[in-house]
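Understanding the architecture of this molecule
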Amino acid sequence: LFPNENTEKKIFNYSFTNINPKISKYSFTVLKSNNNFTNFKLSWVPSENLIISTNYINDNKSKNSSLSENNFFYCINFTLLLKENIYSGFSINTIKFDNTYNTLKWVEYFFDKKFNFKNTINFNFGLSYLYRENDSFFKTNIYLNKEIYYNFIISFGYEGLTSISRNKIYIGINYLL
């Protein structure tokens with residue numbers, strides 16, 4: 001249905017880092033990227049070493065534009081705390097296209113390491129492997145966040161694909177419930 005390179009680009013556009021602050025039982029995150037996507041993420045920490053989160057992505061392009069996408073993206077992430085500040089998990093991702101295309105599904109396996117710099121800024125480094133039928137590729141991410149006010153965290157991130165020259169930068173705000 002899609003050439004491999006276009007599939008990688010499409011999946012990468014809808015793929016954001018899986019790291020969230022693990023301070024609160026619930027958190028709500030909004031990330032805005034340079035590719036005009038806004039990611040809304042809700043996370044739940046039911047135990048000390050398990051995080052479950054879901055995503056919804058909106059494409060912010062003008063609905064009157066021919067570039068506008070009429071897609072519905074959703075995913076669910078399961079993250080485990082393996083050791084102190086080392087996280088690993090997987091996510092199941094789906095884009096439901098309008099009537100022109102079929103549904104695109106993929107699985108992402110990820111590994112993230114969290115560092116704290118002078119108890120002020122959290123720094124996360126991650127590596128992900130994304131897989132879909134005959135397509136697979138690696139993605140790296142760097143994610144910085146800082147609590148700016150009680151329960152409000154501001155974040156900055158970078159993600160890049162290793163197989164093609166593709167990257168994105170995003171900023172976000174996270175509210176801990």
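Here, every reference points to the structure presented above.
Read on for a plain summary of the structure. (Residues numbered from 1 in each chain as written. Predicted model: local features only at pLDDT ≥ 70, side-chain atom pairs only at ≥ 80, totals over all residues. Heavy atoms only, no water.)

With that settled, the discussion passes to the overall build of the protein chain. The number of helices and strands found in the protein chain is one helix and ten strands. Along the protein chain, helices (α) and strands (β) appear in the sequence α-β-β-β-β-β-β-β-β-β-β when read from the amino end. By the burial criterion, 44% of the 177 residues in the protein chain qualify as buried. A fraction of 40% describes how many contacts in the protein chain between residues 6 or more apart in sequence connect residues 24 or more apart. (Helix = DSSP H or I, 4+ residues; strand = E, 2+ residues; numbered from the N terminus. Buried < 20%, exposed > 50% of the residue type's maximum accessible area, 1.4 Å probe, protein only. Contact = heavy atoms within 4.5 Å.)

Turning next to the side chain of Asn-39. Position of Asn-39 among the secondary structure elements: in strand E2 (residues 38-47). Residue Asn-39 is classed as buried on the basis of its relative accessible area of 0%. Within the local environment of Asn-39, its side chain forms a polar contact with the side chain of Asn-55, the two groups lying 3.5 Å apart. Excluding residues that lie within four positions of it along the chain, Asn-39 makes contacts with Phe-16, Thr-29, Val-30, Leu-31, Asn-55, Tyr-56 and Ile-57. (Polar contact = N/O pair within 3.5 Å; in protein donor to acceptor, adjacent residues only side chain to side chain.)

What follows covers the nonpolar core. Soluble globular proteins tend to pack their nonpolar side chains together in the buried interior. Ranked by internal contacts, the top residues of the largest apolar core, which has 19 residues, are Tyr-14, Phe-73, Ile-95 and Trp-106. When contributions to this core are tallied by element, the ones reaching two or more residues are helix H1 (4-13), strand E4 (72-83), strand E6 (104-117) and strand E8 (135-149). (Core = buried A, V, L, I, M, F, W, Y, C linked by side-chain atoms within 4.5 Å.)

Each regular strand displays side chains that alternate between the two surfaces of the sheet. In terms of strand pairing, strand E3 (residues 50-58) meets E4 through eight bridges, oriented antiparallel. The residue bridging Ser-53 from the neighbouring strand is Asn-77, located in E4. Pairing analysis gives eleven bridges linking E4 to strand E5 (residues 86-96), with the strands arranged antiparallel. Looking across to E5, one finds that Cys-75 is bridged to Asn-93. The hairpin formed by E4 and E5 contains two residues between the paired strands, and Asn-85 there has a positive phi angle of roughly 65 degrees. (Pairing = 2+ DSSP bridges.)

This brings us to the sheet that holds E4. Pairing is antiparallel in the closed barrel, where ten strands are placed in the order E1-E2-E3-E4-E5-E6-E7-E8-E9-E10. Between one strand axis and the next, the sheet turns by 20 degrees as a mean value, whatever way the strands run. Pairing between E5 and E6: ten bridges, direction antiparallel. Bridge assignment links Tyr-87 to a residue of E6, and that residue is Asp-112. (Axes fitted to C-alpha atoms, helices over the stretch in contact; angles between N-to-C directions.)

Under the counting rule described, the total for this entry stands at five salt bridges. Taking the shortest distance from any N to any O, the salt bridge between Asp-135 and Arg-132 comes out at 3.3 Å. The two residues Asp-135 and Arg-132 agree in class, both being buried. Taking the shortest distance from any N to any O, the salt bridge between Glu-159 and Lys-168 comes out at 3.9 Å. Side by side, Glu-159 and Lys-168 carry an identical accessibility label, which is buried. (Salt bridge = Lys/Arg side-chain N within 4 Å of Asp/Glu carboxyl O.)

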